[in-house]
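# Tertiary structure, described
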Amino acid sequence: MGLGVASLPDYEGADSNSFTPGAVAIGTVRGHDFFTRGTQLYVNLIPNTGSVGINYEVGVIAAVRTDRTGRVDNRQVRALGKIDTAYEVGGFVGIGKTGVITSDYDTLTARVAYIHDVSGTHDSYVITPQVNYTTPLSVRTLVAFGLSADYAGKGFGRTYAAVTPIGTINSGLRTYDINDSGFRRVNVSAFALQSLSGDLRRGFGVGAGVLYGRMLGKYKDSPIVADVGDADQWLGAVGLTYTF
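Residues numbered from 1 in each chain as written. Predicted model: local features only at pLDDT ≥ 70, side-chain atom pairs only at ≥ 80, totals over all residues. Heavy atoms only, no water.

### Concerning the overall build of the protein
Across its full length, the protein holds 5 helices and 13 strands. A burial count over the protein gives 39% of its 244 residues as buried. Across the protein, contacts joining residues at least 24 apart in sequence account for 57% of those joining residues at least 6 apart. Accessible area of the protein: about 12800 Å², with a carbon and sulfur share of 63%. The distance from the centre of the 21 positive side-chain charges to the centre of the 21 negative ones in the protein is 2 Å. (Helix = DSSP H or I, 4+ residues; strand = E, 2+ residues; numbered from the N terminus. Buried < 20%, exposed > 50% of the residue type's maximum accessible area, 1.4 Å probe, protein only. Contact = heavy atoms within 4.5 Å. Areas by Shrake-Rupley, 256 points an atom, 1.4 Å probe, with all protein chains shown as cover. Lys, Arg positive; Asp, Glu negative; His and termini not counted. Charge placed at Lys NZ, Arg CZ, Asp CG, Glu CD.)

Structure below.
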């Protein structure tokens, strides 16, 4: 488990960041792996044997989306109004291999996740293909790298990237709509964990990570990104971890 502070864009597509507390959790309960990915919780329903070789994933996801639910620094985007918190559920499938390159303990995983809003906020879906690689460099140090993309339904775009005619009057931003589904962003991430106890498997550690995201397609062309934001998105986090 980890607790720390993260630097996040004020909203997806913003050109400024703010600091917020954050938490992560990765673990296993009776052989079932679970982990958090931002504000999403993944739980694998297939027990992991922990042995070297192939492992399969079929699981469920619960998520909370808080984009533009609070204060936004940009005056024009703030004038568009707040968006209700979205509660999303879904699932994922994947395949992973342990013992790939460096040792019997490195892992390469490919998965596809699907989540759908059940709160009526955007009443749409997001599909996320992901590839992740994790390897211990020593008994003290672990690094991880990830690549992912988000494919969103049109309801998602209309909620988070569109500007209605009334929104134009209130904000001065040009009117903009998204009428179809499509890829909205691609992400590349890196993470490192350094044990303070001398053993990654137990005790305290220090973790740090960075993620670069690039807005794509009609999301990149939205006025909240192209006119008053930035298609390049940077996230960073640092914190204290504890393994038991």
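### Re the packing of aromatic side chains
For any two aromatic rings, the description comes down to two numbers: the centre-to-centre distance and the angle of the planes. The final tally for this structure, using the stated rule, is 9 aromatic pairs. An angle of 20° between the planes, with centres 5.9 Å apart, marks the rings of Tyr114 and Tyr125 as stacked. Residue Tyr114 is located in strand E8 (residues 107-117), and its partner Tyr125 is located in strand E9 (residues 125-136); the two are separated by 11 residues in the primary sequence. Here Tyr125 falls in the partly exposed class, since its relative accessible area comes to 22%. Here the aromatic rings of Tyr242 and Phe244 are separated by 6.0 Å at their centres, their planes lie at 25°, and the arrangement is stacked. Exposure remark for Tyr242: the relative accessible area of 37% places this residue in the partly exposed category. In this structure Phe244 comes out as exposed when scored by relative accessible area, which is 73%. Of the aromatic side chains, those joined through ring pairs into one cluster are Phe35, Tyr42 and Phe92. (Phe/Tyr/Trp six-rings, centres within 6.5 Å; stacked < 30°, edge-to-face > 60°.)

### So, the environment of Val139
Tracing the backbone shows Val139 in the loop between E9 and strand E10 (141-152). Given a relative accessible area of 46%, Val139 falls into the partly exposed group. Considering only alpha carbons, one finds Val139 and Asp199, 60 residues apart in sequence, at a separation of 5.4 Å. In contact with Val139, other than residues within four places in its own chain, are Gly198, Asp199 and Leu200.

### Some points on the nonpolar core
In terms of nonpolar packing, the biggest core is built from 27 residues, with Tyr11, Tyr42, Ile61, Val77, Phe156, Tyr219 and Ile224 touching the most fellow members. The set of elements that each furnish at least two residues to this core consists of strand E7 (86-98), E8, helix H2 (154-160) and helix H5 (223-226). Among residues more than four places away in sequence, those in contact with Ile61 are Gln40, Leu41, Tyr42, Glu88, Val89, Gly90, Gly91, Phe92, Ala113, Tyr114 and Ile115. (Core = buried A, V, L, I, M, F, W, Y, C linked by side-chain atoms within 4.5 Å.)

### With respect to the side chain of Arg184
Mapping Arg184 onto the fold places it in strand E11 (residues 182-195). When sequence neighbours within four positions are dropped, the list of residues in contact with Arg184 reads Glu12, Arg65, Asp150, Ala152, Phe156, Arg214, Met215, Leu216 and Tyr219.

### With respect to a nonpolar patch on the surface
There is a patch of nonpolar side chains on the surface, built from Met1, Val5, Phe19, Leu196, Phe204, Val206, Val238, Leu240, Tyr242 and Phe244 and spanning about 1100 Å² of accessible area. Counting residues per element, the nonpolar patch draws most heavily on strand E13 (residues 232-243), at 3 residues. Following the sequence through the fold, Val206 ends up in strand E12 (residues 203-215). (Patch = residues over 30% accessible without salt bridge, like charges linked within 9 Å, V, L, I, M, F, W, Y side chains within 5 Å. Salt bridge = Lys/Arg side-chain N within 4 Å of Asp/Glu carboxyl O.)

### Re the pairing of strand E1 (residues 2-9)
Judged from the 8 bridges that link them, E1 and strand E2 (residues 17-24) form a sheet pairing that is antiparallel. When the sheet's bridge partners are listed, Leu8 is paired in E2 with Ser18. In this structure, E1 lies alongside E13, joined through 6 bridges in antiparallel fashion. Residue Gly2 lies in a different strand from E13, and its bridge partner there is Thr241. (Pairing = 2+ DSSP bridges.)

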